[in-house]
Amino acid sequence: MSNPSIELTIEGHVAILTMSNPPANTWTKDTLVALKDTVNQLNTNKNIYALVLTGEGEKFFSAGADLNVFASGDKGVAADMSCVFGEAFEALTNFRGVSVAAINGYAMGGGLEVALACDIRIAEEQAQMALPEAKVGLLPCAGGTQNLAWLVGEGWAKRMILCGERLKADKALQIGLVEEVVAQGESFAAALKLANQVAEQSPSSVAACKTLIQKGRHQPMANTLPLERELFVGLFDTEDQQEGVNAFLEKRKAIWVNG
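Conventions we followed
Residues numbered from 1 in each chain as written. Predicted model: local features only at pLDDT ≥ 70, side-chain atom pairs only at ≥ 80, totals over all residues. Heavy atoms only, no water. UniProt positions renumbered as here; feature names shortened; annotations may be inferred. Buried < 20%, exposed > 50% of the residue type's maximum accessible area, 1.4 Å probe, protein only. Helix = DSSP H or I, 4+ residues; strand = E, 2+ residues; numbered from the N terminus. Pairing = 2+ DSSP bridges. Axes fitted to C-alpha atoms, helices over the stretch in contact; angles between N-to-C directions. Salt bridge = Lys/Arg side-chain N within 4 Å of Asp/Glu carboxyl O. Parallel < 35°, antiparallel > 145°, perpendicular 65-115°, else oblique. Left-handed = near helix turned anticlockwise from the far one by under 90°. Contact = heavy atoms within 4.5 Å. Expected span 1.5 Å × (residues − 1). Disulfide = S-S within 2.5 Å.

You'll find the protein chain entered in an unreviewed UniProt entry as Short-chain-enoyl-CoA hydratase, with Pseudoalteromonas haloplanktis given as the organism. Per UniProt, the protein chain has the following entry under Sequence similarities (unreviewed entry): "Belongs to the enoyl-CoA hydratase/isomerase family."

Of all the five residues making up strand β7 (residues 120-124), four are buried; the element is thus mostly covered by neighbouring parts of the structure. The sheet contact formed by strand β5 (residues 98-103) and β7 spans four bridges and is parallel. Of the residues in β7, the one forming a bridge with Ala-102 is Ile-122.

The strand order across the open sheet formed by six strands is β1-β2-β3-β5-β7-β10, and the pairing between neighbours is mixed. Each edge of the open sheet carries a strand with a single partner, namely β1 (6-11) and β10 (180-182). The average angle at which neighbouring strand axes cross in this sheet is 20 degrees, direction not considered. Where strand β2 (residues 14-19) and strand β3 (residues 50-55) come together, six bridges link them in parallel fashion. Bridge pairing in β3 links Met-19 to Gly-55.

Before going further, it helps to spend a moment on the pattern of salt bridges. As enumerated under the stated definition, the model contains eight salt bridges in all. Two residues, Lys-29 and Asp-80, come together in a salt bridge whose shortest N-O distance is 2.9 Å. Of the two residues, Lys-29 sits in helix α1 (residues 29-43) while Asp-80 sits in helix α2 (residues 75-93), which places them 51 residues apart along the sequence. Overall, the relative accessible area of 38% leaves Lys-29 in the partly exposed class. Judged by its relative accessible area of 33%, Asp-80 is partly exposed. The salt bridge involving Arg-252 is made with Glu-243; its shortest N-O contact spans 2.7 Å. On the accessibility criterion, Arg-252 (35% relative accessible area) is partly exposed. Exposure remark for Glu-243: the relative accessible area of 17% places this residue in the buried category. One network of salt bridges, with partners in common, ties together Glu-243, Glu-250 and Arg-252.

With that out of the way, let us pick up the pairing of β3. Burial runs high along β3: six of the six residues are buried. Summarising the sheet, β3 and β5 pair through five bridges and their orientation is parallel. Bridged to Ala-50 within β5 is Val-98.

Where α1 meets α2, the closest approach of the two axes is 8 Å, and the angle between their N-to-C directions is 30 degrees. Taken together, the axes of α1 and α2 lie roughly parallel to each other. Crossing of α1 over α2 shows left-handed handedness. Facing α1, whose interface residues are Lys-29, Leu-32, Val-33, Leu-35, Lys-36, Val-39 and Asn-40, α2 presents Asp-80, Met-81, Val-84, Phe-85, Glu-87, Ala-88, Phe-89, Ala-91 and Leu-92.

Within the element layout of this structure, Glu-180 appears in strand β10. With 78 residues separating them in the primary sequence, Glu-180 and Ala-102 have C-alpha atoms 9.9 Å apart. Filtering out sequence-adjacent residues up to four positions away, Glu-180 remains in contact with Arg-121, Ile-122, Ala-123 and Leu-173.

End to end, α2 covers 27 Å across 19 residues, agreeing with the expected 27 Å (1.5 Å per residue, within 8%). Within α2 the residues assigned to the buried category are Met-81, Val-84, Phe-85, Gly-86, Ala-88, Phe-89, Ala-91, Leu-92 and Thr-93. Along its buried surface, α2 packs onto α1, β3, β5, α3 (110-116) and α8 (203-215).

Now for the state of the cysteines. All told, the structure shown has zero disulfides when counted by the stated rule. With no disulfide partner, Cys-83 has as its closest neighbouring cysteine sulfur the one in Cys-141, 10 Å distant. Overall, the relative accessible area of 41% leaves Cys-83 in the partly exposed class. For the unlinked cysteine Cys-209, the closest cysteine sulfur is that of Cys-118, found at 19 Å. Exposure remark for Cys-209: the relative accessible area of 43% places this residue in the partly exposed category.

Printed below as a string of structure tokens:
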């Protein structure tokens, strides 16, 4: 399941994905396809409850797309790459478990977009984040305009995208772009700790809750409240529901089967 540019390791119930395309962990068509395929395969592994995404090295989380791909101005290449970008990052957003981005350095363009596709973001204090595509005549085409505005509001999204503003980690925390800032070199450990906490929850419940939370982006509450009740009742078809309740009543740790 590993690819030369997307390294996969598994620790317990957590899959660790490391972007490994030095020197800046840029995205290519092959790495994007590898990300999508890896996430889709993880979705079929019932023993995986969470994933951590980070970048190789100490300087870059990811610098985004390799701009050499777009130097020719070929619209066909642009259409192909935008589709591959979208499919990869949407697969990550739709991962059935919990995804945590450990932002260990610069997260630029598609490097920030992949972090935005995760459920939770932890940044190191020296990290910097930007969506600078307009500076080179492009735009964020892998969810950046939508996910950023949803997280931080329209005003800050416009400052970052339209004005090209680059944020340091402390400002990213202040506006809600990241959920936590840690010291340099500590993002992976913090992300892994959080990912391991997911194993304490029923994976069936986590998947249902994540679905409901994300539907709130696209549907009015009048539609999602009935679905909330429907999915609650649906959990009673799972083994995890009975295991979770009985484990609590019997004062023991639940043993999940993800089903």
